Amino acid sequence: MNWSPPTLADVLRAKASIAPYLRPTPTLERPSLDAVLGCRAYVKCENLNPTGAFKVRGGINLLSTLDDEQKARGVLAASTGNHAQSVAYAARLFGIRAMIYMPEAANPMKVAATRAFGAEVVLHGRDFDEARRAADARARQEGMRYVHSADEPLLIAGVGTYALELFEVAPDLDVLFVPVGGGSGVLGAAVVARAVNPKTKVIGVQAEGAPAVYLSWKAGHRVVTDEVSTFAEGLATREPFDLPLQLLPKLVDEIMLVSDAELEAAIRLLLETTSQVAEGAGAAAVAGAYQRRGELEGKSVGLILSGGNLGMATLKRILEV
């Protein structure tokens, strides 16, 4: 399918749709973080959204557009956690039935949070991609609206609103680092950057143990990996999605990889310098900036802290170094 990329006008419409339900998240500046990275860093704290992650913006924007028949049928999604909470939260706002397929090994905290928002959770498959295929089949069978985690222009426009808020604070960003799992977040950020400040370099950051989007971006065609190996479930995708594959080469300057050790170090750095807790995916932007810190001297750098849903056991392990 050929999609048209969302435009700045779409993001502005999404901002108006989301405004009654979400407050803007803060952008933090900390000299201690600047000193480590060698730049002027702006940390966009999407971990402070009601679901603990950026995706809720897209969920609210998309579900707000459903007609009465679609609302009556309900919505269905697949997720490792943050997209699940996004759809569940938005469905509760609008009184819509929500069913979410999650991998059998999904983060228990994210499963519990999704259920707490009122969604029915089905645990299925060894990873996100197996859960996603089962969810798609179930949605077709029951006539529910399947809400894809990335192949949704309205979702991308919705999550792009965090970049609007960031550019209001820092309009002259030289570089913007964004985590890459499915790709909705980096696409939303890139749509805004291209319109507001085309000089901003947009860099997506993916886990070494889940490099499908990176490999596809480098090869110029879809590359599917057999497995993923990363504690950052928000980055754990074996197969890139159609819409990001189509749009990433047009909108994003670069995609880079970071190791799990670098993600863990970035979690510690964020906690030390900003007092913010990031999950593995949420720390990816900072991990990317730290890896590239030699190139950032004197620059203005945006860092998307995309989520903070980190289990206590994982946080304890990361801090005990």
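Residues numbered from 1 in each chain as written. Predicted model: local features only at pLDDT ≥ 70, side-chain atom pairs only at ≥ 80, totals over all residues. Heavy atoms only, no water.

### A look at the packing of helix α5 (residues 82-94) against helix α6 (residues 108-116)
In plain terms, the rule: To obtain an axis, a line is fitted to C-alpha atoms, over the contacting stretch when the element is a helix, and the angle between two such axes runs from 0 to 180 degrees between their N-to-C directions. Only DSSP runs of H or I with at least four residues qualify as helices, and only runs of E with at least two residues qualify as strands; both kinds are numbered from the N terminus onward. Any angle that is under 35 degrees is reported as roughly parallel, and any over 145 degrees as roughly antiparallel; angles of 65 to 115 degrees are reported as roughly perpendicular and all others as oblique. Should any heavy atoms of two residues lie within 4.5 Å, those residues are counted as being in contact. Only Asp, Glu, Lys and Arg are considered charged in this grouping, and only Ala, Val, Leu, Ile, Met, Phe, Trp, Tyr, Cys and Pro are considered nonpolar; every other residue, Gly among them, is considered polar.
α6 packs onto α5 with a crossing angle of 10° between their chain directions and a minimal axis gap of 8 Å. Relative to α6, the element α5 is oriented roughly parallel. Facing α5, whose interface residues are N82, A84, Q85, A88 and R92, α6 presents K110, A113, T114 and A116. Grouping the constituent residues of the contact of α5 with α6 by class yields 4 nonpolar, 3 polar and 2 charged.

### Remarks on helix α11 (residues 212-219)
So the rule is basically this: Exposure categories follow from relative accessible area, calculated using a 1.4 Å probe and restricted to protein chains: below 20% of the type maximum is buried, above 50% is exposed, and the middle band is partly exposed. Directions are taken from the helix axis to each C-beta atom, and the arc is the one they span.
Taken as a whole, α11 has its buried residues at A212, V213 and S216. Seen along its axis, α11 keeps its buried residues to an arc of 95°; they face one direction. Buried residues along α11 sit against β8 (201-207), α12 (242-251) and β9 (254-258). Positive backbone phi, at 80°, marks G220, one or two positions downstream of α11.

### Overview of the state of the cysteines
Our working definition: Cysteine sulfurs are considered disulfide-paired once they come within 2.5 Å of each other.
By the definition in use, this model includes 0 disulfides. No disulfide involves C39; its sulfur sits 15 Å from the nearest other cysteine sulfur, which is in C45.

### What about the nonpolar core?
The condition that has to hold: To form a nonpolar core, buried Ala, Val, Leu, Ile, Met, Phe, Trp, Tyr and Cys residues must be joined to one another through side-chain atoms within 4.5 Å.
Among the nonpolar cores identified, the biggest contains 60 residues, and I60, L63, V75, V147, Y162, L176 and V252 are the most heavily contacted of them. Those residues within four positions of V147 in sequence are excluded, and the remaining contacts are L62, L63, V75, L76, A77, H83, V87, E152 and L155. Counting residues in hydrophobic clusters, the runner-up holds 37 residues, among them L28, L37, V286 and A289.

### Brief notes about the pairing of strand β10 (residues 300-305)
This is how the line gets drawn: Two strands are counted as paired when DSSP detects at least two bridges linking them.
Counting buried positions along β10 yields 6 of 6 residues, so the element is predominantly enclosed. The pairing of strand β2 (residues 40-45) with β10 spans 6 bridges and is classified as parallel. Note that in β10 the partner of V43 across the bridge is L303. With 3 bridges connecting them, strand β7 (residues 175-179) and β10 associate as parallel partners. Each bridged residue has a counterpart across the sheet, and for V175 the counterpart in β10 is V301.

### Comments concerning the packing of helix α10 (residues 184-196) against α12
Inclusion rule: Rotating anticlockwise by less than a right angle from the far helix to the near helix defines a left-handed crossing, while the corresponding clockwise rotation defines a right-handed one.
Between α10 and α12, the least distance of the axes is 10 Å, while the angle of their chain directions is 35°. Relative to α12, the crossing made by α10 is left-handed. Judged by residue contacts, V186, L187, A190, V191 and R194 of α10 engage L243, P244, L247, L248 and L251 from α12.

### Structural notes on the sheet that holds strand β1 (residues 27-28)
Ordered by their spatial adjacency, 6 strands build an open sheet running β1-β2-β10-β7-β8-β9, and the pairing between neighbours is mixed. Taken across any chain shown, the strands that pair with only one partner, and hence form the sheet edges, are β1 and β9. Here helix α9 (residues 161-169) sits on the sheet and contacts β1, β2, β7 and β10; the angle it forms with β2, its principal contact strand, is near 145°. Sitting on the sheet, α11 touches β8 and β9, and the angle it makes with β9 is about 140°.

Any functional reading would require information beyond the geometric quantities listed.
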